[in-house]
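Descriptive structure summary
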Amino acid sequence: MLERWRRLVRSARLDGWSGLTLGPLLLAIPLLAAIWCSHLLYAERERQLAVESVLQDNANIARMAVSVLEQTLERSRRHAHLARAGLDDTRLLEGLRLAAGSDSLFSAVMVQDAQRGPLLSSATTEGDTAALLRLAARSAGDTPRTALAGEITLLPAERGPDGNWRLPVAIPLLSALGHRGQLLTLIDANRLLQPFRTLDLGSGSDLRIYDASGRSLFDTRGGDGRFFTADDGSDKLFATALQGRRTVERADGRPVLLAFERSAGSGLGVAVERRLDEVLHNAAQRRLALAGWAWSLSLMLVAALAAMVLVARRQHRLYRELSRAEDEKERLIEQLKEEKGRAYQLASHDHLTSLPNRMLFTELAASHLNRARRNHAPFVMMFLDLDRFKAINDTLGHRVGDLLLQEVAERLKASVRDTDIVARLGGDEFVVLLTEVDAADAAARVARKLIDALARPMGFDGHELEVRASIGIAIHPRDGQDIDALMRNADSAMYEAKRSGRGCFRYYDPSLNARSALHLDLHSRFRRAILGDEFVLHYQPRVALNGLRITSLEALIRWQHPERGLVYPGDFIDYAEQEGLVVELGNWVVREACRQIAAWQQEGITVVPVAINVSARQLRDHSFVEVIRETTAHYRIRPDMLELEITERCVVDDFERAHAALEVLSGLGMKIALDDFGTGFSSLSYLRRLPIDIIKIDRSFINDIRNQTNDAAIVASTIALGHNLGLTVIAEGVETREQAVYLKAAGCDEVQGYYFQRPIPAAETLPLLRDGIPDR
Ligand SMILES: Nc1nc2c(ncn2[C@@H]2O[C@@H]3COP(=O)(O)O[C@H]4[C@@H](O)[C@H](n5cnc6c(=O)[nH]c(N)nc65)O[C@@H]4COP(=O)(O)O[C@H]3[C@H]2O)c(=O)[nH]1
């Protein structure tokens, strides 16, 4: 069974509709169990109720029968009273004769005196007289239990001469004068038992009357009932029956439901019984009807289940077919997509290099341009042309030319980010779209990288080639607002590059070319420039307005370029910062300033502190403090001979680290100046939190100080603020006497500017240091 169940489950699972089959099955089992359990319980209850009800009915009938019998015998007792009185006075017996004569229940009455014999007899036939005498002889020994009358003695019925059944009844008497006697009556049995004959007890039922000794007197079997004669003997049942009701087994083995009731007065007993099988037969009819219901319900359930399973199977089959169709559809769509993809690839890509062709490039570039517009981001287009490709193609053949183009494509792709786009427009013309660039400088770097990547030797079919490329760069939005304009301008910049000698790049905007050339130069020769002493420091004095004494020299870096001449920091500091070169440059400045101070000191010149500019990166650099410590120690100068000029930019990115470094340096005795004061947003907060000694008001505020602008008020309040905080206030960019006078009047402590002295090389500072600022 278990194995069959397992097989069923397994097969259902294999079919893929296990849930659909097992679900209804698992639902049906408890439902069927519930139907049949309740049916069985109900049937059993029905059976018990039927038995209980029949036992109860039987008991009621038995009680009623006993009561009827008692009422009848009560009449005999009344006659016994008259008879007892008649024993003492026979005249009184006349009353008895009349009473008995008018009571049809009594067929004959006789009063018998123990000594005198019969005193009265209403018997009209000899048979009745003989029956009464037999009865008298039979009960002659009975003694009355009370002073009035004794127990009633009933004898088995006997048939009279007229053929009617009579019940002989004897009651012993004891008169007031002590006479003993008996009242003997023949009760008309048919009359006595008539009520029981008409009782409808139901089929298989029987009512039986017993006398006090347990002899059966009458039962209702056979329609009219039957009387038991003296020869019939007593019924065993009576001997075992107790008062009450129960199920007992008859001698023939059949169980009956029996109720037994005995009269307290006469001792007569009535048993009412009904065959159990008869009773159960009726209950069985109901049980059968119930079973019919249970079967119907079960069948309906099974039918519903089967229908569910069938529907589920059908749906499952449909679902499988549908999903097969769906798979097929998916497959076709995939196939179509692949074919479409192949067609698109063919139509949109260059077959030789697999790079996007002009059509696809234009689409991609347009979408990137839209994004760049939304994000206000730069967008760089580069046109790239291989120098002398035609000659290679013509001399070495198309095969080499093709291989060369493929290699170029690979190298170009490898040199840019995945987000950038490389396309081949045709022939040896390529285009590169840089989508994530932050500045024109970055475009220059990429262009240089591309040129370098292509310049590495390539070998094909035993030929070693070096390819040089010319690149034209157009930047959105300065060089064009749409793709066409950008492509056109990148193309013309590319021709400019070719004209400039090939193997180089050119911006469409000429101003960018000079700057980019400088940056490239810086990049390629930066170390050489530091080692080869191409950088120099110029110094500009800071002058105290009170007495025009030089208080400090600001060291300003310049690049003494061999070809370009003196290059100012505005052209390379930001670039050096972006490229991570500024720390090395800054360290050089620290070294050079310390070396110069030491040199001045060795020449016996009284030196003022030198202020150096510190960039943001430099201040963040972990070794910065150490560099200052070591360099000052190396040149044997006191650290307070150096001053630091920082700007807000130096601290915004990593305030904590800058703050820590400044605290250490300030602790060494160095003064810290906040440069370009007033141009930032939060200068004031920095003043409170950093160890600042000096603020330098930006020169943009000094320019217009005399022209009734807000600047004068700003300068005046900055001076007042600085003083309140105990700081030295310096004004930068003082170019005129008026500005100096105004600043002095406003309470400014020191000034710096062309009016007093332009930045000059170290050699030219000697007269200044020695003689001070000349009078003006
Ligand atoms: N119009 C005008 N300008 C005046 C006048 N007086 C001085 N200047 C110029 O103002 C700048 C003052 O330096 P800064 O504000 O620190 O501004 C400096 C500083 O931020 C940075 N810098 C200079 N040297 C270094 C350096 O060694 N390291 C770093 N990180 N930055 C430096 O470059 C900036 C520019 O330096 P420079 O070109 O030397 O320009 C200098 C100086 O030549 C004047 O009366 N009128």
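Since we're looking at a predicted model, the values are computed, not measured. (Residues numbered from 1 in each chain as written. Predicted model: local features only at pLDDT ≥ 70, side-chain atom pairs only at ≥ 80, totals over all residues. Heavy atoms only, no water.)

1. Side note on the UniProt feature "coiled-coil region" (unreviewed entry) in the chain
Mapped onto this numbering, the UniProt entry annotates "coiled-coil region" (unreviewed entry) at residues 315-342. Structurally, residues 315-342 comprises 100% helix and 0% strand, and the distance from its first C-alpha atom to its last is 39 Å. (UniProt positions renumbered as here; feature names shortened; annotations may be inferred. Helix = DSSP H or I, 4+ residues; strand = E, 2+ residues; numbered from the N terminus.)

2. Details of a positive patch on the surface
A grouping of R313, R314, R317, R320 and R324 is seen on the molecular surface, where their side chains present a positively charged patch. Along the chain, the position of R313 falls in helix α7 (residues 276-348). Its relative accessible area of 39% is what places R313 among the partly exposed residues. (Patch = residues over 30% accessible without salt bridge, like charges linked within 9 Å, V, L, I, M, F, W, Y side chains within 5 Å. Areas by Shrake-Rupley, 256 points an atom, 1.4 Å probe, with all protein chains shown as cover. Salt bridge = Lys/Arg side-chain N within 4 Å of Asp/Glu carboxyl O. Lys, Arg positive; Asp, Glu negative; His and termini not counted. Charge placed at Lys NZ, Arg CZ, Asp CG, Glu CD. Buried < 20%, exposed > 50% of the residue type's maximum accessible area, 1.4 Å probe, protein only.)

3. Describing the sheet that holds strand β11 (residues 255-262)
Strand order in this open sheet of six strands is β9-β8-β7-β12-β11-β10, and the pairing throughout is antiparallel. The sheet is open, and its two edges are formed by β9 (226-227) and β10 (244-249), each paired on a single side. Sheet topology note: the β10/β11 ladder contains six bridges and is antiparallel. Bridged to E249 within β11 is P255. (Pairing = 2+ DSSP bridges.)

4. Looking at the packing of aromatic side chains
Under the definition given, this model contains nine aromatic pairs. Look at W36 and W295: their rings are 4.8 Å apart centre to centre, the planes differ by 70°, and that puts the pair in the edge-to-face class. Taken together, the positions of W36 in helix α2 (residues 18-88) and W295 in helix α7 put the pair 259 residues apart, joining distant regions of the chain. Relative accessible area serves as the criterion here: at 22%, W36 is assigned to the partly exposed category. Geometrically, the ring pair formed by W559 and F572 is edge-to-face, given 6.1 Å between the ring centres and 85° between the ring planes. Placement of W559 in strand β21 (residues 550-561) and of F572 in the loop between β22 (565-567) and α14 (573-578) is noted, with a sequence separation of 13 residues between them. One residue, R689, lies across the ring of F655, its end atom 4.2 Å from the ring centre. Directly above the ring of Y754 sits R758, whose terminal nitrogen or CZ lies 3.8 Å from the centroid. (Phe/Tyr/Trp six-rings, centres within 6.5 Å; stacked < 30°, edge-to-face > 60°. Lys NZ or Arg CZ within 6 Å of the ring centre and 35° of its normal.)

5. What to know about the side chain of Q112
Within the element layout of this structure, Q112 appears in strand β1 (residues 106-113). Beyond its immediate stretch of four places on either side in the chain, Q112 contacts L87, G117, P118, L119, L133, A136, R180, G181, Q182 and L184. (Contact = heavy atoms within 4.5 Å.)

6. Looking at the site of the ligand
Not every one of the 21 residues close to the ligand is listed here, only the nearest: R558, N613, R699, E735 and Y754. The contact in question runs from a nitrogen atom of the ligand to an N or O atom on the side chain of Q540, over 2.8 Å. Out of a free accessible area of 790 Å², the ligand has 83% covered by protein chains. When residues of the shell around the ligand are traced back to their parent elements, those giving at least two are β21 and β25 (671-677). For the shell around the ligand, the leading source of residues is β21, giving four residues. Its residues assigned to classes, the shell around the ligand shows eight nonpolar, five polar and eight charged. (Near = heavy atom within 4 Å. Polar contact = N/O pair within 3.5 Å; in protein donor to acceptor, adjacent residues only side chain to side chain. Nonpolar A, V, L, I, M, F, W, Y, C, P; charged D, E, K, R; others polar.)

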